[in-house]
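If you want the building blocks of each chain, they are given just below.
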Amino acid sequence: MSDPRAVARAVDALRRGWPVAVDGLSVLAIETADDGGLASFDAETPADLLISGNRAATLKLANQREGTPTGPVRIARAPWIDLAAATAIADPQRDLATPLKGPFRTMPAAPESNAALRLARLAGLLPALFVGGAGSEAAVGADDVMAYREADHLRIASRARLPVAVAETAEIVAFRSVGDAAEHVALLIGSPSGSPPLVRLHSECLTGDALGSLKCDCGPQLRHALAAMADGGWGILLYLRQEGRGIGLVNKLRAYALQDQGFDTVDANLRLGFGDDERDFSVAAAMLGLLGQNRIRLLTNNPRKVAGLEAEGIAIPERVPLAIPPNPHNSAYLDAKRRKSGHQL
Ligand SMILES: Nc1nc2c(ncn2[C@@H]2O[C@H](COP(=O)(O)OP(=O)(O)OP(=O)(O)O)[C@@H](O)[C@H]2O)c(=O)[nH]1
Ligand SMILES: [Zn+2]
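Residues numbered from 1 in each chain as written. Chains lettered and ligands numbered in written order. Predicted model: local features only at pLDDT ≥ 70, side-chain atom pairs only at ≥ 80, totals over all residues.

**Overview of the overall build of the chain**
Here's step 1: Along the chain, the regular secondary structure elements total 14 helices and 14 strands.
Here's step 2: Against the 2.2 N^0.38 benchmark of 20 Å for 345 residues, the chain shows a C-alpha radius of gyration of 22 Å, consistent with a compact globule.
Here's step 3: Taken over the C-alpha atoms alone, the chain extends approximately 65 × 45 × 35 Å along its principal axes.
Here's step 4: For the chain, the proportion of its 345 residues judged to be buried stands at 43%. (Helix = DSSP H or I, 4+ residues; strand = E, 2+ residues; numbered from the N terminus. Rg over C-alpha atoms; globule rule 2.2 N^0.38 Å. Buried ≥ 20, exposed ≤ 12 C-beta atoms within 10 Å, placed from the backbone.)

Written out as structure tokens, the structure is:
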């Protein structure tokens, strides 16, 4: 099993703009670097850049690297690539305002590059790094990074009665994992009835859940799910702190900015250097396990949730669809989820 504290230290250092050594490969996140930090990172020789294969493809660089067109790409640091230029290379939101000039020279990326980019994604940062500089604030093994799973370290941290609008006798349970700042919660509605609970895996959506965003269907889905559980008399809402399908709030808002430029929800994620869905549903399976539930009815349209839970040993005798009428702002989003992400209704 991976060392979760080493991964946590490395994630934390990247977020604070400090260099990290991944099996000896020193990296500094472009997004959190400042001029002083970059100057010391560059102290011995100017560091290069490391970007995701998807970002390289957008910059028309992937085809310069033979053999691994979809893997990370290292860009040699030409003298004109200062912090502002590196930021423009990292962040596709700026492509329209700052058309990239180049030329770029690519080099082979070290085997640890995948782990280094995964660390940036775990930190909620764009997967774009300065690489090969001097110093490190935290050291971590590439294998530890690749093997890290939040679900392996999950514990129940607290539980309490929580009367809610649909169920005055509900109970809330909070979960924590060493190595991860996310605090997930479960809301238990009603009482065990002898049959499998109706379960909803809901991924956090600040804009939809709390602000009433019309760009997605999250708020209405959440309220519909709670009502269905209360009606049935026994249900569990798993509220997962996986904002933006696991890319974090800031990156989701970057994806929204790309959607304003005409990209759909899947392409926007890919252009940012993420997968279309970065969520790990094993954490939901671990929560169910800690609650003593390994047989459930699942309220979802997303076949990946069903497969993700079944892969972790949760039996799902029934999938219950969750249909919310579209509005003019989310119909394209719902359509893209059906066409590209296999959502069923
Ligand atoms: N990256 C990204 N995330 C989004 C976008 N719109 C909504 N989200 C996030 O998508 C997630 C939606 O999660 P869910 O409603 O649990 O799941 P789902 O995959 O739609 O599946 P079901 O609703 O169960 O059918 C939330 O984390 C939202 O923050 C978007 O355009 N880009
Ligand atoms: Zn949403």
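**Things to note about the sheet that holds strand β2 (residues 25-29)**
Here's step 1: The strand order across the open sheet built from seven strands is β5-β4-β3-β6-β2-β1-β7, with neighbouring strands paired in mixed fashion. On the outer flanks of this sheet lie β5 (106-107) and β7 (138-140), each paired with one strand and no other.
Here's step 2: Most of the contacts of helix α4 (residues 83-90) go to strand β3 (residues 48-51), to which it runs at about 15 degrees, and overall it touches β3 and β6 (128-131).
Here's step 3: Packed onto the sheet, helix α5 (residues 113-122) meets β1 (20-22), β2, β3 and β6 and runs at close to 140 degrees relative to β1. (Pairing = 2+ DSSP bridges. Contact = placed C-beta atoms within 7 Å. Axes fitted to C-alpha atoms, helices over the stretch in contact; angles between N-to-C directions.)

**Some words on the UniProt feature "binding site: Zn(2+)" (unreviewed entry) in the chain**
Here's step 1: If you check UniProt for "binding site: Zn(2+)" (unreviewed entry), the listed places come out as Cys205, Cys216 and Cys218 in our numbering.
Here's step 2: With respect to the element layout, Cys205 can be found in the loop between β11 (198-203) and α7 (206-210).
Here's step 3: If sequence neighbours within four positions are ignored, Cys205 has contacts with Cys216, Cys218 and Glu243.
Here's step 4: Take Cys218: it is sitting in helix α8 (residues 218-232).
Here's step 5: Beyond its immediate chain neighbours, meaning those up to four positions away, Cys218 contacts Cys205, Gly208 and Asp209. (UniProt positions renumbered as here; feature names shortened; annotations may be inferred.)

**Topic: the sheet that holds strand β9 (residues 171-177)**
Here's step 1: Pairing is mixed across the open sheet formed by seven strands, whose spatial order is β8-β9-β10-β12-β11-β13-β14. At either end of the open sheet lies a strand with only one pairing partner, and these are β8 (154-161) and β14 (315-320). Within this sheet the neighbouring strands show an average axis-to-axis angle of 25 degrees, counted without direction.
Here's step 2: Sheet topology note: the β8/β9 ladder contains seven bridges and is antiparallel. Bridging across to β9, Ile156 finds its partner in Phe175.

**Examining the UniProt feature "domain: GTP cyclohydrolase II" (unreviewed entry) in the chain**
Here's step 1: Summarizing the sequence annotation, UniProt attributes the feature "domain: GTP cyclohydrolase II" (unreviewed entry) to residues 159-321 in the numbering used throughout.
Here's step 2: Taken as a whole, residues 159-321 contains 37% helix and 28% strand, while its terminal C-alpha atoms sit 29 Å from one another.

**Description of the pairing of β11**
Remember that side chains alternate between the two faces of the sheet whenever the strand is regular.
Here's step 1: Within β11, six of the six residues are buried, which leaves the element mostly enclosed by the surrounding structure.
Here's step 2: Burial along β11 is two-sided: Leu198, Arg200 and His202 and Val199, Leu201 and Ser203, pointing in opposite directions, are all buried.
Here's step 3: Bridging between β11 and strand β12 (residues 234-240) involves six bridges; their strand directions are parallel. Directly across from His202, in β12, lies its bridge partner Tyr239.
Here's step 4: Pairing of β11 with strand β13 (residues 295-299), which is carried by two bridges, proceeds in the parallel orientation. Residue pairing for β13: Leu198 is matched across the bridge by Arg297.

**Describing the site of ligand 1**
Here's step 1: Close contacts around ligand 1 come from 22 residues, with Ser203, Cys205, Thr300, Asn301 and Asn302 the closest.
Here's step 2: Here the shell around ligand 1 is built from residues that sort into six nonpolar, 11 polar and five charged. (Near = placed C-beta within 6 Å. Nonpolar A, V, L, I, M, F, W, Y, C, P; charged D, E, K, R; others polar.)

**Looking at the domain arrangement of the chain**
Here's step 1: In terms of domain boundaries, the chain breaks down into domain 1 (4-147) and domain 2 (150-242 + 279-341).
Here's step 2: If you average the C-alpha positions of domain 1 and of domain 2, the two centres end up 34 Å apart. (Domains from an automatic or database assignment.)

**So, the packing of helix α1 (residues 4-15) against α5**
Here's step 1: In contact at an axis separation of 9 Å, α1 and α5 are set at 70 degrees when each is read in the N-to-C sense. Put simply, α1 runs roughly perpendicular to α5. In this structure, α1 contributes Ala10, Val11 and Leu14 to the contact, and α5 contributes Leu119, Ala120 and Leu122.
Here's step 2: Here the residues of the contact of α1 with α5 are counted per class, giving six nonpolar, no polar and no charged. (Parallel < 35°, antiparallel > 145°, perpendicular 65-115°, else oblique.)

**Description of the environment of Gly212**
Here's step 1: Tracing the backbone shows Gly212 in the loop between α7 and α8.
Here's step 2: As for Gly212 and Gly275, which are separated by 63 residues in sequence, their C-alpha atoms are 26 Å apart.

**Details of the environment of Lys215**
Here's step 1: Considering the arrangement of structural elements, one finds Lys215 in the loop between α7 and α8.
Here's step 2: By C-beta crowding, Lys215 is classed as partly exposed, having 16 other C-beta atoms within 10 Å.
Here's step 3: Here the alpha-carbon distance between Lys215 and Asn330, two residues 115 residues apart in the chain, equals 4.6 Å.
Here's step 4: Setting aside residues no more than four positions away along its own chain, Lys215 makes contact with Thr207, Tyr256, His329, Asn330 and Tyr333.

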